[in-house]
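For reference, the chains in residue letters:
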Amino acid sequence: MRKLALAALAAVFALSPLAARADFINILTGGTSGVYYPLGVAISKIVSDKVPGARPSVQATKASVENLILIQQGKGEIGFTLADSLADGWAGKEDAGFKTPLKKVRALAAIYPNYIQIVASKDSGIKSIADLKGKRLSVGAPKSGTELNARAILNAAGLKYEDLGKVEYLPFAESVELMKNRQLDATLQSAGLGVASIKDLATSVEINVVEIPASVVEKVGTPYLKASIPAGTYTGQDKEVPTAAVPNFLVVREDMKEGDVYAITKAIFESLPELQAAHVAAKSISLKDAMKGSPVPFHPGAEKYFKEQGVTP
């Protein structure tokens, strides 16, 4: 009888998503001064509070490319990524940092767009992309999503790295410190609006937010979109600035259980106010857009939740 009771209890637990198990969920984010990290921390709290048995942790990384590789290797459960990096990873583009196609990655949801923000010190005299020629620019960590965005935008504007005075491959916070010390003229950062690093810079140094013209965005093509940085986003920025945007996605591993991914997806989309409190960029996350534009298949658990909510690609 005792064996039967234990077997029955085990069966109940097995059918409950994440219930009564110490399921570790590693959330792969980005640098601590970007947007991925605070949103990852918020998702960790949501999952911890609302998904029984889950034990989430947050890992700071070099963002998109590294996150996708770690998911493929089974070293993470949830990751943030840019749509273009996700497409490149799925295709296995070696020049984007992927040695083989990443076929174990699945989409959980489309979230907010990343705005490609080129910010120069006023002293540098940089007012346009063309003015970057011969100047010192930080383009993000090597082969990061930001750096891939930098290559695409500069190329569409007719510039190569060789045309610049110096190229630094640095995370957001380190780029800002060099600009404060006048060791760098500009930084390109692909992030949500109001990113902490640029806010910090704008309170210390007079800045110019550099326009990315619509013609450049059109030349790059999908998944890049025409967008604008509203006036007043950063100290000293008194005009709206045209730029480019790229959608962000949350991704998961293919082999995660359907019930687990369903529970995580449900918890996230029923807790959008908590994400918005963590960072203003999350105000752009919406349930109706959650299945739009993915270059990879959705995980069945996420797909099941969205279909129940009437959401379609």
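First things first, this report covers the structure right here in the doc. Per chain, the residues get numbers from 1 upward, laid out in the order the sequence is written. Where local features are concerned, this predicted model is filtered to residues with pLDDT of at least 70; where side-chain atom pairs are given and counted, the filter is 80 or more; whole-chain, interface and lining totals use all residues. Derived side-chain values reflect all non-hydrogen atoms in the structure, with water molecules and hydrogen atoms excluded from consideration.

Here a cavity denotes a set of grid points, spaced 1 Å apart and computed over the protein atoms alone, in which a 1.4 Å probe fits but from which it cannot get out, and a pocket denotes an open set meeting protein on both sides within 12 Å along at least five of seven lines; residues with an atom within 4 Å of a point are reported as lining. Grid points are joined across faces, edges and corners, and a volume is the space filled by probe spheres set on the points. Counted as a void, the largest pocket has a volume near 520 Å³. Taken together, 22 residues line the largest pocket, and the ones lying closest to its centre are Asp 88, Asp 95, Leu 148, Arg 151 and Ala 152. Runs of E in the DSSP output that reach at least two residues are strands. Runs of H or I that reach at least four are helices, and both are numbered from the N terminus. Looking at the lining of the largest pocket, the elements with two or more residues in it are helix H4 (83-91), helix H5 (145-156) and helix H8 (214-220). Top contributing element to the lining of the largest pocket by residue count: H5, with 6 residues. Gly falls in the polar group here, along with every residue not listed as nonpolar (Ala, Val, Leu, Ile, Met, Phe, Trp, Tyr, Cys, Pro) or charged (Asp, Glu, Lys, Arg). Class assignment of the residues belonging to the lining of the largest pocket gives a composition of 11 nonpolar, 2 polar and 9 charged. For the second largest pocket, the calculated volume is near 350 Å³. Every residue lining the second largest pocket is counted, 25 residues in all, and those nearest its centre are Gly 30, Gly 31, Lys 62, Ala 63 and Phe 172. Listed by contribution, the elements that provide at least two residues to the lining of the second largest pocket are H5, helix H6 (172-180) and strand S7 (186-191). Broken down by element, the residue count for the lining of the second largest pocket peaks at 3 residues, all from H6.

The subject of this paragraph is the packing of aromatic side chains. Pairing of aromatic side chains here covers Phe, Tyr and the six-membered ring of Trp, requires ring centres within 6.5 Å, and sorts the geometry by plane angle: under 30 degrees stacked, over 60 edge-to-face, intermediate tilted. Scanning the model with the defined rule gives 6 aromatic pairs in all. Measuring from centroid to centroid gives 6.3 Å for Phe 298 and Phe 306, while their planes differ by 90°, and the two rings are edge-to-face. Members of the aromatic cluster, connected to one another through ring pairs, are Tyr 262, Phe 269, Phe 298, Tyr 305 and Phe 306. It is Lys 304 that lies over the ring of Tyr 262; its NZ or CZ is 5.4 Å from the centre. For a Lys NZ or an Arg CZ to count as sitting over a ring, it must be within 6 Å of the ring centre and within 35 degrees of the ring normal.

When a residue's accessible area, from a 1.4 Å probe over protein chains only, is under 20% of the maximum for its type it is buried; when over 50% it is exposed; and in between it is partly exposed. Within strand S10 (residues 241-253), 11 of the 13 residues are buried, which leaves the element mostly enclosed by the surrounding structure. A strand pair is defined by DSSP finding two or more bridges across the two strands. Alignment of strand S3 (residues 78-82) against S10, held across 5 bridges, turns out to be antiparallel. Bridged to Thr 81 within S10 is Phe 249. Here 9 bridges tie strand S4 (residues 105-121) to S10, and the two strands are oriented antiparallel to one another. Residue pairing in the sheet places Tyr 115 in a bridge with Ala 245 of S10. As paired strands, strand S9 (residues 225-229) and S10 are joined by 5 bridges and run antiparallel to one another.

Each pair of packed helices gets described by two things: the angle between the helix axes and the distance between those axes. To obtain an axis, a line is fitted to C-alpha atoms, over the contacting stretch when the element is a helix, and the angle between two such axes runs from 0 to 180 degrees between their N-to-C directions. Packing of helix H9 (residues 258-269) against helix H11 (residues 300-308) leaves a shortest axis separation of 7 Å and a crossing angle of 50°. Relative to H11, the element H9 is oriented oblique. Relative to H11, H9 is oriented so that their crossing is right-handed. For the pair H9 and H11, the contacting residues are Glu 258, Val 261, Tyr 262, Thr 265, Lys 266 and Phe 269 in the first and Pro 300, Gly 301, Ala 302, Lys 304, Tyr 305, Phe 306 and Glu 308 in the second. Class assignment for the residues of the contact of H9 with H11 results in 7 nonpolar, 2 polar and 4 charged. Put simply, angles under 35 degrees are roughly parallel, angles over 145 are roughly antiparallel, angles from 65 to 115 are roughly perpendicular, and the rest are oblique. Definitions for this section: a left-handed crossing has its near helix turned counterclockwise from the far helix by less than a right angle. A right-handed crossing has that turn clockwise. Only heavy atoms matter for contacts: two residues are in contact if any of them lie within 4.5 Å across the pair.

Further remarks concern unusual backbone geometry. A cis geometry characterises the amide bond from Thr 222 onward to Pro 223, with omega recorded as 10°. Mapped onto the fold, Pro 223 is located in the loop between H8 and S9. The residue Ala 63 is not glycine, and still its phi comes out positive at about 80°. Checked against the element boundaries, Ala 63 lands in the loop between strand S2 (54-59) and helix H3 (64-72). For Ala 63, a relative accessible area of 15% translates into the label buried. We note that Arg 182 has phi near 60°; this positive angle belongs to a residue other than glycine. Within the secondary structure, Arg 182 sits in the loop between H6 and S7. Take Arg 182: its relative accessible area is 60%, and that puts it in the exposed class.

Our next topic: the packing of helix H2 (residues 36-50) against H9. Contact geometry of H2 with H9 gives a least axis separation of 9 Å together with a crossing angle of 115°. H2 and H9 meet at a crossing whose hand is right-handed. Of the residues in H9, those in contact with Ile 43, Ile 46, Val 47 and Lys 50 of H2 are Ile 264, Ala 267 and Ile 268. Residues belonging to the contact of H2 with H9 are distributed by class as follows: 6 nonpolar, no polar and 1 charged.

Here we come to the pattern of salt bridges. Salt bridges, as used here, are contacts in which a Lys or Arg side-chain nitrogen is within 4 Å of a carboxyl oxygen on Asp or Glu. Throughout the structure, instances matching the rule amount to 16 salt bridges. Among the ionic pairs, Lys 50 bridges to Glu 274, the shortest N-O distance being 3.6 Å. With Lys 50 in helix H2 and Glu 274 in helix H10 (residues 272-278), this residue pair connects regions lying 224 residues apart in the sequence. In this structure Lys 50 comes out as partly exposed when scored by relative accessible area, which is 42%. Judged by its relative accessible area of 39%, Glu 274 falls in the partly exposed class. Glu 177 is paired through a salt bridge with Lys 180; the nearest N and O atoms lie 3.3 Å apart. Linking Glu 177 with Lys 180, this pair stays in helix H6, spanning 3 residues, or about one helical turn. Lys 180 sits in the partly exposed class, given a relative accessible area of 26%.

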